[in-house]
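Chain residues, written in single-letter form:
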Amino acid sequence: MRRLLGGVLILVVLMPLVLSAALVGMGRAAIAEARAVTDDHLAVINQQLTDIDAALAAADAAFAGVPEAMDSVRAALDDMRVFVADLTADIPVWLAFITGFQGAIADILGVLDDLTDVVDSVTTLQAIPGQLNDVLVELQALVDDLETTGSSRLADLLNVAALLGVWLAGIYLALVWKWLCQGWQMLAGQPA
């Protein structure tokens with residue numbers, strides 16, 4: 001019986017070290033698994049957010065040029081008005097009018113080409129809600145994967161808690177046995 005008590009006492013003394021090592025190992029494994037789960041999802045989320053940022057920057061740059069483009073259209077229209085107002089029956093004036101009119105039309109067409117870029121940027125902006133939805137889907141997948149990882153680790157933690165219960169029971173039994181032995185020896189009048 002003394003050998004059993006000695007084994008229980010050794011187990012009681014060493015159990016905190018064993019449980020600590022188990023907890024450290026489980027903690028490292030849980031952190032590594034969580035990182036593996038989150039790294040893939042976070043890479044996708046960061047890429048989506050980078051794409052959204054690029055689309056917003058392109059649209060911002062395109063919209064920044066709209067006031068200048070509109071000023072160019074107004075200037076070209078004003079030039080056309082001047083040519084129309086100066087129109088007389090003289091051939092040279094007609095030639096000047098046609099040349100100026102062609103230049104104004106070319107300016108307007110250039111501005112319209114710039115405005116096409118703005119419309120393309122608006123089309124790019126239409127993709128942002130879908131990209132944000134993709135980010136939310138990826139975040140939900142991340143949460144689901146972390147829940148799965150956490151639930152698998154919960155079983156491990158329950159096992160460590162059971163070992164802790166065994167350890168506490170071992171301490172209790174060892175102390176009770178020691179106290180019973182000491183009490184019996186005292187009762188019998190023997191030195192404890």
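Quick notes on the rules
- Residues numbered from 1 in each chain as written.
- Predicted model: local features only at pLDDT ≥ 70, side-chain atom pairs only at ≥ 80, totals over all residues.
- Heavy atoms only, no water.
- Helix = DSSP H or I, 4+ residues; strand = E, 2+ residues; numbered from the N terminus.
- Buried < 20%, exposed > 50% of the residue type's maximum accessible area, 1.4 Å probe, protein only.
- Contact = heavy atoms within 4.5 Å.
- Expected span 1.5 Å × (residues − 1).
- Bend = angle between axes of the 7 residues up to and from the residue.
- pLDDT = per-residue confidence, 0-100.
- Polar contact = N/O pair within 3.5 Å; in protein donor to acceptor, adjacent residues only side chain to side chain.

A. Molecular detail of the overall build of the protein chain. A count of helical and extended segments in the protein chain gives four helices and zero strands. The helix and strand sequence of the protein chain, counted from the amino end, reads α-α-α-α. For the protein chain, with 192 residues in total, the buried portion stands at 19%. Restricting to contacts in the protein chain with at least 6 residues of sequence separation, those with at least 24 account for 86%.

B. Broad picture of helix α1 (residues 2–64). Here α1 spans 89 Å end to end across 63 residues, near enough to the 93 Å set by a 1.5 Å rise per residue. A bend of about 40 degrees at leucine 14 is the largest found in α1, and the proline proline 16 appears one to four places after it.

C. Local environment of the confidence of the model for the protein chain. Across the protein chain, pLDDT averages 76, with 78% of residues at or above 70. Looking over the protein chain, one finds the lowest element-wise mean pLDDT in helix α2 (residues 66–85), namely 66, and the highest in helix α4 (residues 128–187), namely 82.

D. Here's a closer look at the side chain of histidine 41. Position of histidine 41 relative to the elements: it lies in helix α1. Polar side-chain contacts of histidine 41 include one of 2.5 Å to the side chain of glutamate 138. Non-local contacts of histidine 41, meaning those with residues more than four positions away in its chain, are made with Glu138, Ala141, Leu142 and Asp145.

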